[in-house]
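Residues per chain, in single letters:
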Amino acid sequence: MNRKIFALLSVCLLLVSLLAGCGKKIDSPFVGTWNATKYAMSGMEMSVDELGESSMEFKDSGKVTVAFMGQSGSGTWEPGDAGLVIRDGDDEIPCTLQGTTLVMDYSGVQMYFERDGGYTGTPGPEPTPSEVGYFRITGLSSDGTELTEDDLKSMSLDYFYVLFREDGTADLQTDSLAGCTWADGVLTADEDGTEYAYTLDGDTLTMTLDGTSITFTRSEQPAVLPAPPEEAVEADTSEAAGSSGASDIPQIGSADDASLTPGQVWNGKWYGSLSITKGYGSWTDSEGNLISADCIFNIEEGNDFFEVYLPDAGYDENPYISMYIKADTEHFEIDDNDAWVSDMTIPEDYFSDYYAIFVPGHGNLVTISSHYDDPEEAGAGFDFTLEMRPYGSLFNEDYDTLPPDYDDYVDYLYSDDFDGDVVNGETGEVVVDRGSPVYVPGAASRSGSGNKIGAAGGN
């Protein structure tokens with residue numbers, strides 16, 4: 001038998017035992033026979049046909065007789081402020097009037113009753129719809145890729161939420177904030193009438209937007225509602241020192257999207273850091289280690305790959321991380337099982353960790369958070385985060401995790417030994433113009449064609 005049904009039946013039997021036996025006349029619209037219409041427990045509703053009939057008869061003598069699914073009992077009752085109270089000795093069982101429905105809530109089980117002939121008194125307040133409240137994003141699924149709450153935080157995508165109000169209005173925060181109305185499992189956008197169907201199961205709400213399934217979980221509403229990271233500042237396109245004006249490189253979200261290629265976005269050398277955020281087993285002492293990382297993207301049809309080198313850890317000729325990838329202009333992900341971190345083959349369960357996008361509001365920054373399992377020691381390994389920007393980018397020193405040799409990297413970018421552009425990785429502002437552009441989504445980089453990342457070498 002379903003455990004919830006068994007638990008509900010057990011509660012009903014307990015109620016009968018409490019009311020196994022227990023005199024001023026009561027003039028009340030509650031007097032009469034009330035029959036159960038449904039039962040509920042832990043968000044699951046069950047019908048009378050599924051569980052059996054129940055009824056309560058409230059007499060003007062103050063006595064009540066009950067019949068719960070074939071079991072009988074009796075007690076006393078009296079009207080209350082919000083409904084009535086059934087008593088048996090020291091035990092009290094409150095029943096609340098919701099509209100014209102009497103709801104008994106006992107030990108987590110709700111029983112709903114309607115009066116024979118209808119309730120003739122003043123209706124009680126209608127129940128608060130189960131949707132009312134604040135729901136924050138806790139999961140996302142697209143094209144077979146699952147992103148957890150931690151994944152969303154690392155990608156700065158944890159600001160999605162839905163806020164339902166009792167008056168039938170709602171706010172839906174995704175890439176933008178939409179005012180909505182809601183009813184019967186559908187949010188309707190105020191601006192254009194777009195409808196978003198959702199399902200609510202207990203405290204979990206799910207909806208599908210543009211083919212992406214999003215999971216929200218009921219939570220305490222924060223004092224300040226989350227919002228997308230601050231959009232990157234538009235670069236100054238006027239003629240100025242170090243800038244050649246508006247960009248000819250197509251930008252994400254611009255009218256030139258159709259001409260943008262994955263190679264223009266990803267190809268070449270990237271620079272950043274790999275930090276060990278948590279160590280396990282023999283790797284515990286590695287927690288907190290920070291290592292500079294040189295990364296390479298090669299986007300050629302049929303041979304797209306991504307590699308990470310850690311020269312300071314002895315991985316200067318052989319990659320520490322290597323994988324075949326598939327990429328478009330907005331993301332890349334693992335393409336097959338020939339992928340590894342050090343001496344560990346990356347298991348398919350970790351593939352979603354390598355679904356990488358540009359961090360919203362932070363220009364050309366990309367982050368990946370995953371885990372290394374030591375093949376030689378069960379339970380040993382570490383969690384790590386890789387942060388990187390295209391070579392030639394200046395980092396946001398207030399936001400990015402700066403590699404240990406970042407100062408040397410910056411000195412090299414400004415030296416005569418480097419022949420690529422130097423840009424602000426957040427805004428795309430060209431700081432040093434050498435005619436070799438660096439791609440920054442959503443900002444003006446400079447004139448040119450493609451993402452040509454300077455000369456090989458550097459730190």
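Residues numbered from 1 in each chain as written. Predicted model: local features only at pLDDT ≥ 70, side-chain atom pairs only at ≥ 80, totals over all residues. Heavy atoms only, no water.

Trainee: Now, about the pattern of salt bridges: what can you tell me, with residues and values included?
Mentor: Applying the stated criterion across every chain yields a total of eight salt bridges. The salt bridge involving Asp171 is made with Arg165; its shortest N-O contact spans 2.6 Å. In this structure Asp171 comes out as buried when scored by relative accessible area, which is 15%. Assessed through its relative accessible area of 30%, Arg165 is described here as partly exposed. The closest approach of N and O atoms between Arg389 and Asp400, which form a salt bridge, is 2.7 Å. Pair noted here: Arg389 is in strand β27 (residues 381–390) and Asp400 is in the loop between β28 (393–394) and α5 (406–414), with a separation of eleven residues, a long-range link. Judged by relative accessible area, which is 7%, Asp400 ranks as buried. One salt-bridge network, in which partners are shared between bridges, spans Glu78, Arg87 and Glu92. (Salt bridge = Lys/Arg side-chain N within 4 Å of Asp/Glu carboxyl O. Buried < 20%, exposed > 50% of the residue type's maximum accessible area, 1.4 Å probe, protein only. Helix = DSSP H or I, 4+ residues; strand = E, 2+ residues; numbered from the N terminus.)

Trainee: Give a description of the pairing of strand β17 (residues 204–209) that names residues and reports values.
Mentor: Residues Leu205, Met207 and Leu209 line the buried face of β17, whereas the alternating positions Thr204, Thr206 and Thr208 sit on a face that is not buried. Hairpin connection from strand β16 (residues 195–201) to β17: two residues lie between these consecutive antiparallel strands, with Gly202 at a positive phi of about 65 degrees. Where β17 folds back onto strand β18 (residues 212–219) in an antiparallel hairpin, the turn is made up of two residues, including Asp210, whose phi is positive at roughly 50 degrees. (Pairing = 2+ DSSP bridges.)

Trainee: Could you give an account of the sheet that holds strand β29 (residues 422–424), with specific residues and numbers?
Mentor: In any sheet, the strands associate via hydrogen bonds between backbone groups, in a parallel or an antiparallel arrangement. Strand order in the open sheet formed by three strands is β28-β29-β30, with mixed pairing between adjacent strands. Because the sheet does not close on itself, it has two edges, and the strands there are β28 and β30 (430–432).

Trainee: Give a detailed account of the confidence of the model for the protein, specifying residues and quantitative values.
Mentor: Summary statistics for the protein give a mean pLDDT of 82 and a share of 83% for residues scoring 70 or more. Ignoring residues within four places in sequence, the model shows residues 16–23, a span with pLDDT below 50, making 24 contacts including any to other chains. In the model, residues 231–258 has pLDDT below 50 throughout and makes 57 contacts with residues more than four positions away in sequence or in other chains. (pLDDT = per-residue confidence, 0-100. Contact = heavy atoms within 4.5 Å.)

Trainee: Describe in detail α5, supporting the description with residues and values.
Mentor: Structural remark: α-helix, 3.6 residues per turn; residues separated by three or four positions point the same way. Restricting attention to buried positions, one finds in α5 the residues Tyr406, Tyr409, Val410, Tyr412 and Leu413. Across the axial projection of α5, the buried residues extend over an arc of 160 degrees, all falling on one side. α5 presents Asp407 and Asp411 as exposed residues on the side facing more than 90 degrees away from its buried surface. Buried residues along α5 sit against β19 (268–280), β27, β28 and β29. (Arc of directions from axis to C-beta.)

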